[in-house]
Structures are given as C-alpha cells and as structure tokens.
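Given next are the chains, with one letter for each unit.
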Amino acid sequence: MSNINLDKPRYDQKTYMGRAKHFFMLTNPLNIFASSKELDEAKKIVHEFRRSHKMPPGYDEDKLWRTKYLYDSAFHPDTGEKMFVLGRMAAQAPMNTLITGGMITFYKTTPATVFWQWTNQTFNAVVNYTNRSGDAPISTTQLLASYCAACGGALSTALYLNSKVKNMPPIFASLVPFAAVCGANFINIPMMRSSELIGGTPVFTPQGERVGDSKRAARLGIALVCVSRVFMAIPGMTLTPVLTNIATKRGLFCHYPLAVIPFQLVMVGLCVVFATPLGCALFEQQANISVSKLEPELRDIVKKKYPKLKELVFNKGL
C-alpha cells in the first residue's frame, strides 16, 4: 500500500477535472455533520498511515481516501488546527444558499440591504480568516480593523448601487447584490488576510523544504482566491435573478407570491453546490511562483541553496 501518497491529492491537480474532483470531495456539505470524534479518528488514521504506510484494519483504498478528505475538510493544511465549522469550505453550500437567497430576495429596502450584506461579509470574513494561507497569527486589533473595513466596503458598494438603479427595470436592481459581493470580495479577502500581505506567506521547494516567507506570493495567492470567489458567486447571484424575472413575467407566482422565496433558495442551492468546487478548481491550491518574481533576499537564498530551482510552491488558501 506504499504507493498511496496521502501528502498529495488523489486526483491530478495539473488538470481542471482533477482539481474539480478533488474539491467536490473537499467541499462536500455532508462533511460539516461529522462529529469531533469522527474528525479526531480521521486525523488519527491519516497520521498513522503516513507513519506506517500500512492499511488500517477494515479499510480499503477508497475508504482511506474518504477519511483523508474528511480530515482535509476540517483541519488547516498549514497549522494543522481544527477549523471553525462555519469557516470550512464544506459549509459554503448550505450557508451561501441561505445568505445569497436572502440577498437576492430582500434587496428593495435599505435595512434589508444592510442586514444581508453585513451577514454575508461577516460569514465571508470567517471563511477568509479560517482558510488563510500560512501559519502567522493575526492580532485581535488587526482582525477587527480588517472586518470593519470589509463590511464597510460591502455596505457602501451595495447602497451606492441601489441608489443608482431605482429607476431601472427590476432585473438591474436584483443584480445589485452580485455587484456588491464582487466588489466586496476584493476588499474582504485582502483585509482578512492582511497579515500575509505584511509578513508574507511560507514558500517551499517542490520537495517541501521551507525557504522563507514571501509577500509577493501572498499577493498572488490572494488575487487568485478573489477571482475564484467571484466565479463561485456568478451562477447563484446572476442566473437565479434572471430566471426569477422570467418566471415572474410569465405569471408563475401570480397566485402564490411567496413561492418566489423557495424557488430562489432551490435555484441558489443548486448553483452553489456546483459553483463552490468548480470555482475552487480554477487554480491549484498549491500554487507556483517563479523564483525570478520573488523578493531579492529570497531569490538570493534560492540561488545559493537550490541553484537549479525555477519555481517555489505555496498554499494560496481557499
């Protein structure tokens, strides 16, 4: 069984399909229902197999990989700490279904806009902090300042756009939450991961030797995550309002106006379940950065210790 390498994903991460399969397993919403006992058992099994390379009693290859993905869904890849349950990527589908459904259903009044944008950015802040790259701590003061800036940016964007679409057709107003979320992602993610921008994120050789911390790698990783998050939001926050608008014009909700709420929740749920892993799969989690693009001091270290090395790898986060 020594040919099973749990230090790498089961599926080829150089192909989009391989990454998609990987993230479908990692973001499986059922993973959030695993008990602490089940997660600790998964951790024990994974660590024991890494040490002994012997298949645990009662396990086969498929069960071992399911256990590994359960472990990966709950424990941070850099710190090894068990992550807060709502911050795990497995919580994205159920939480975003509720929050996105709320944003695109209740967007017509200022209080509703403020509440749902605040709820969304609070959830995003938890996810962004939980899935940050590296193992450097972030102070409470820095965390609070980042959170306030992220929420303020999202609310300002949403309220400004709402004021501009008042006289436009309803379909434009229903797309405001999507525009606000896109803009807020480029504020929330960098702010909640500001410690990486200040101190850098760990970079490694392909063999896993830590070379140092790179701010440039941090910027690259955060930019890639921002793009992935926007891609995740597109289906649920654009397709759902468009289909709702079409259904409304055709009189689908004439007799049962409140039916629009479960209709939108179902549509968002279907979109999010697929958009989350497919968005994560846009880029490899273990990203590459060219040695030539590193800070001068890190380039010097690489040239001295690894003269033939052209790229380093780092965890870009999710």
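Report follows, based on the coordinates. (Residues numbered from 1 in each chain as written. Predicted model: local features only at pLDDT ≥ 70, side-chain atom pairs only at ≥ 80, totals over all residues. Heavy atoms only, no water.)

**Examining the pattern of salt bridges**
Quick reminder of the rule: Note on definitions: salt bridges are taken to be side-chain nitrogens of Lys or Arg within 4 Å of carboxyl oxygens of Asp or Glu. Think of it in three bands: with a 1.4 Å probe and only protein chains considered, a residue is buried below 20% of the maximum accessible area for its type, exposed above 50%, and partly exposed in between.
This structure, assessed with the given rule, holds 8 salt bridges. For R210, the salt bridge identified is with D213, shortest N-O distance 2.8 Å. Overall, the relative accessible area of 40% leaves R210 in the partly exposed class. Among the residues examined, D213 registers a relative accessible area of 37% and is labelled partly exposed.

**Regarding the packing of helix α1 (residues 16–26) against helix α3 (residues 61–74)**
Packed helices, taken two at a time, are described by the angle their axes make and the gap between the axes. Convention followed: Note on geometry: axes are C-alpha line fits, over the in-contact stretch for helices, and angles between N-to-C directions span 0 to 180 degrees. What counts as a helix is a DSSP run of H or I of at least four residues, what counts as a strand is a run of E of at least two, and both are numbered from the N terminus. An angle counts as roughly parallel when it lies under 35 degrees, as roughly antiparallel when it exceeds 145, as roughly perpendicular when it falls between 65 and 115, and as oblique in every other case. The contact definition used throughout considers only heavy atoms, calling two residues in contact when any of these lie within 4.5 Å. Any residue outside Ala, Val, Leu, Ile, Met, Phe, Trp, Tyr, Cys, Pro, Asp, Glu, Lys and Arg is labelled polar, Gly included; the first ten of those are nonpolar and the last four are charged.
Close contact between α1 and α3 brings their axes to 9 Å; oriented N to C, the two are set at 70 degrees. Looking at the two axes, α1 sits roughly perpendicular to α3. Side by side, α1 and α3 meet where H22, M25 and L26 of the first sit next to R66, Y69, D72 and S73 of the second. Here the residues of the contact of α1 with α3 sort into 3 nonpolar, 2 polar and 2 charged.

**Focus: the pairing of strand β2 (residues 210–214)**
The condition is simple: DSSP calls a pair of strands paired once it identifies at least 2 bridges connecting them.
The sheet contact formed by strand β1 (residues 201–204) and β2 spans 4 bridges and is antiparallel. Across the sheet, residue F204 finds its bridge partner in β2, namely R210. Connecting the antiparallel pair β1 and β2 is a turn made up of 5 residues, with G208 showing a positive phi of about 95 degrees.

**Describing the environment of A149**
Summarising the element assignment, A149 is placed in helix α6 (residues 140–164). Through-space distance from the C-alpha of A149 to that of K293 is 29 Å; in sequence the pair is 144 residues apart.

**Digging into the packing of aromatic side chains**
Where we set the bar: Aromatic pairing here means that ring centres of Phe, Tyr or Trp (its six-membered ring) are within 6.5 Å. Orientation follows from the plane angle: under 30 degrees is stacked, over 60 is edge-to-face, and everything else is tilted. Counting as a charge over the ring demands two things of the Lys NZ or Arg CZ atom: a distance within 6 Å of the ring centre and an angle within 35 degrees of the ring normal.
Scanning the entire structure with this criterion turns up 5 aromatic pairs. The interplanar angle of 75 degrees and the centroid separation of 6.1 Å between the aromatic rings of F24 and F274 together place this pair among those described as edge-to-face. With F24 in helix α1 and F274 in helix α11 (residues 260–280), the pair connects residues that are 250 residues apart, well separated along the chain. A relative accessible area of 46% places F274 in the partly exposed class. Three or more aromatic residues joined by ring pairs form one cluster here, namely F115, W116 and W118. Between the NZ or CZ atom of K63 and the centre of the ring of Y59, over which it lies, the distance is 4.4 Å.

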